[in-house]
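Structural overview for review
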Amino acid sequence: MAKLTIPAQELMYGGHAACPGCGPALAMRLLLKGLGPRTLVSIPACCWTVIATPYPTTALKVAVLDNAIESTGASISGLRAAADALGLDKVNIVGFAGDGGTADIGLQALSGMLERRTDAIYVMYDNEAYMNTGIQRSGATPWGAWTTTTPVAGDLRGKPEPKKDVMGIVLAHRPAYAATLNPAFPEDFNQKVEKARDIVGPRFFHIFTPCPPGWKFDSAQTIALGRLATDTGVFPLYEVVEGRLRITRKTGQLKPVAEYLSAQGRFRHLTPDDVTLIQAQVRSDWERLQKREREDLSLAH
Amino acid sequence: MIEIRFHGRGGQGAVVASELLAQAAFLDGKQPQSFPFFGVERRGAPVTAYCRVDDRPVGLRTSITAPDAVVVLDPGLLATEPVADGLKPNGILLVNSPRPPQALIAPAGVRRASVDATRIALAHNLGTPMLPIVNTAVLGALARATGVVSLEGLTRAVGQFVPARPEENRLAARDGYLGVTVLPGDASAPAPPPRARPPPLVLPEGPIASVSSETLHTAAWRTFTPVIHLDRCTKCNFCWKFCPDDAIEFDAKGYPQIRLAYCKGCGICAAECPPKTIEMVAEA
């Protein structure tokens, strides 16, 4: 076997109930490779609760706690308290929630967990809508995207509101570690997981997880679309360690955002003016991110 | 009362077909009922839906175990799903297939019918070759084969309830109506061979599930299978790295091989393979 660039261990089984080409399924597989077997995962109502546990089976080789959609943050605070009380040493406590269960329904529990300084990793896997219930818009759905509750018909042109900046909310809590991860870049993904694993305190991952049925693209293109999201600047890769931001994938010249948008049916109705608007927003966000990196660098030590 | 069971794959429109049939029956003045089986609603996964049609309100709320008609939207399901289970002796088995109904295996007495709904759907630009939307063509065939609804009722239902491409769907229903082939029942037909059923799962005791999901095979979800041409494989492991189904393992020489019981045929490995050694081949 050629040298592997990510850990060989598999802590996710086949036979799970994810759709073909599922981004969240790959995200879980890569996450557990980096964390290892001494891991407890708390999963709220989301795609993954269905993926992991068609009765009476489990798709994970680590322990899974099934919890309610608003409670992921609280549940991992509780799991950490229980692990401490039992004297369990070196165990990773992980909450693995969708964007709806994080940006909308579980936001206060996430805030509570971060503010309590719970020693745990909270993962938001972001497929940008309530996909398990059939593609309803969430706070993390981007502007202009079609969903079943932001239809395209007559005057209706997809979601009229912009995507919620969950990372901004998380960073306001001064977490020990926070990062954006993308399964299309497995080595970068794994480095961040292994780094966060060895940090004590509240940690947060925002993972970009394309959804073929919900975003309307061919299931073979999940990785290609993930790469495009980062290389166009729609989903930049960075990490924030003790408040200092570092961009982990530098793209000299961003690709036009139209390449990313035109690859998905959910953006098919966008006009050239819409695309120009999105391009301007992505560019200014990217410049703001680079500016913050420069400033944080000048502050360092 | 006429009871009809639909078998399809997630994304193919089996649930919508059942609802549309109910709408058509309603427009014919009947009292229909339609609901899906609540299961794994994933693209490609086997899906079941039920429809009852009667002259009086239907009080029954159970799933259909002894159908008068079974409709199969994807012939690939014949090999993996017990579609004909419980079919009444004089019932009808309607399959979307380019092959004549003589090729179908059905219980004694069951009338066999087939319609090439995939060809009809693609001729009317409904769906893609990977995922043709065959439901209106199949419903046209069902209307002819069973008389459960009139073509007129079906046409009106398509016009009222199909938001996308109503005209193309109307034409597909008509072509399905005209294109179906039905064989009379053959009471002396040999019984179909008994189907091998998976052994029953042994449930663990205690509160922690410990049955691996690998006891569930997802091969039936697949419409295309990856085939690796190892002569050009560079052992780069990209296929393994990006597989969301943990369906790639390595042989003793370090070459990748597909775990076919778990591969759902998403095509990521073929798309990401740098030397393009993986080919997606349509399932027979």
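Bringing the overall build of chain A into the picture now. A tally of regular secondary structure across chain A gives eleven helices and eleven strands. In terms of C-alpha radius of gyration, chain A reaches 19 Å, essentially the compact-globule figure of 19 Å for 301 residues. Seen through its C-alpha atoms, chain A measures out along the principal axes to roughly 60 × 50 × 45 Å. Considering only residue pairs separated by 6 or more positions, chain A has 68% of its internal contacts joining residues 24 or more positions apart.

Turning next to the interface of chain B and chain A. Contact with chain B, which involves 39 residues of that partner, is made by 33 residues of chain A. Among the elements that take part in the side of chain B that touches chain A, helix α8 (residues 268–272) of chain B stands out by supplying four residues, more than any other. When its residues are assigned to classes, the side of chain B that touches chain A shows 17 nonpolar, twelve polar and ten charged. Pairing between strand β2 (residues 57–58) of chain A and strand β8 (residues 211–212) of chain B: two bridges, direction parallel. Bridge pairing in β8(B) links A:Thr58 to B:Ser212.

Grouped together as the largest cluster of nonpolar side chains are 102 residues, with contacts concentrated most on A:Val94, A:Phe96, A:Val123, B:Cys239 and B:Cys269. In this view, A:Val123 contacts A:Leu31, A:Val94, A:Gly95, A:Phe96, A:Ala97, A:Phe205 and A:Ile207; residues no more than four positions away in its chain are not counted.

Right, let's talk about the sheet that holds strand β1 (residues 2–9) of chain B for a bit. Residues and elements named next belong to chain B. Spatially, seven strands are ordered β2-β3-β1-β4-β5-β6-β7 in an open sheet, and the strand pairing comes out mixed. Looking at strand neighbours, the two that pair on one side only are β2 (31–36) and β7 (181–182), the edges of this open sheet. Judged from the eight bridges that link them, β1 and strand β3 (residues 46–54) form a sheet pairing that is antiparallel. By the bridge assignment for β3, histidine 7 is matched with threonine 48. Each of β4 (69–72), β5 (92–96), β6 (111–115) and β7 touches helix α4 (residues 135–146); the most contacted strand, β5, lies at about 155° to it.

What helix α5 (residues 151–161) of chain B keeps buried is the set B:Gly153, B:Leu154, B:Thr155, B:Ala157 and B:Val158. Next to the buried residues of α5(B) lie α1 (14–27), α4 and α6 (166–179) of chain B.

The next thing to look at is the packing of α5(B) against α6(B). Residue and element names in this part refer to chain B. Between α5 and α6, the shortest axis-to-axis distance is 9 Å and the interhelical angle comes to 160°. As judged from the angle between their axes, α5 and α6 are roughly antiparallel. When you trace α5 past α6, the crossing you get is right-handed. Contacts from Leu151, Leu154, Thr155, Val158 and Gly159 in α5 reach Pro166, Asn169, Arg170, Ala173, Arg174 and Tyr177 in α6.

Before going further, it helps to examine the packing of α4(B) against α5(B). Residue and element names in this part refer to chain B. Between α4 and α5, whose axes approach to 9 Å, the crossing angle comes to 160°. Viewed along their axes, α4 and α5 adopt a mutual orientation that is roughly antiparallel. The handedness of the crossing between α4 and α5 is right-handed. Touching Thr136, Leu139, Gly140 and Ala143 of α4 are Leu151, Leu154 and Val158, all from α5.

Below, the discussion takes up the sheet that holds strand β1 (residues 39–43) of chain A. Residues and elements named next belong to chain A. Across the sheet, eight strands lie side by side as β3-β1-β4-β5-β9-β8-β10-β11; this open sheet has mixed pairing. Of all the strands in the sheet, the pair left with one neighbour each is β3 (63–66) and β11 (244–247). Taking each pair of neighbouring strands and ignoring which way they run, the sheet shows an average axis angle of 15°. With five bridges joining them, strand β4 (residues 92–98) and strand β5 (residues 120–126) adopt parallel strand pairing. When the bridges of β5 are listed, phenylalanine 96 appears paired with valine 123.

Our focus in this paragraph is unusual backbone geometry. In this structure, A:Arg117 takes a positive phi of about 60° despite not being glycine. With respect to the helices and strands, A:Arg117 occurs in the loop between α5 (107–115) and β5. Overall, the presence of 15 C-beta atoms within 10 Å leaves A:Arg117 in the partly exposed class. One non-glycine residue with positive phi stands out, namely B:Arg165, at about 50°. Secondary-structure assignment places B:Arg165 in the loop between α5 and α6. A residue is classified by how many C-beta atoms lie within 10 Å of it, and B:Arg165, with 17 of them, is partly exposed.

Glancing now at the domain arrangement of chain B. Residues and elements named next belong to chain B. Assigned domains of chain B: these are domain 1 (2–182) and domain 2 (213–282). Taken together, the contacts link six residues of domain 1 with five residues of domain 2. Counted by class, the side of domain 1 that touches domain 2 contains three nonpolar, three polar and no charged residues.

Calculation rules
Residues numbered from 1 in each chain as written. Chains lettered and ligands numbered in written order. Predicted model: local features only at pLDDT ≥ 70, side-chain atom pairs only at ≥ 80, totals over all residues. Helix = DSSP H or I, 4+ residues; strand = E, 2+ residues; numbered from the N terminus. Rg over C-alpha atoms; globule rule 2.2 N^0.38 Å. Contact = placed C-beta atoms within 7 Å. Nonpolar A, V, L, I, M, F, W, Y, C, P; charged D, E, K, R; others polar. Pairing = 2+ DSSP bridges. Core = buried A, V, L, I, M, F, W, Y, C linked by C-beta atoms within 7 Å. Buried ≥ 20, exposed ≤ 12 C-beta atoms within 10 Å, placed from the backbone. Axes fitted to C-alpha atoms, helices over the stretch in contact; angles between N-to-C directions. Parallel < 35°, antiparallel > 145°, perpendicular 65-115°, else oblique. Left-handed = near helix turned anticlockwise from the far one by under 90°. Domains from an automatic or database assignment.

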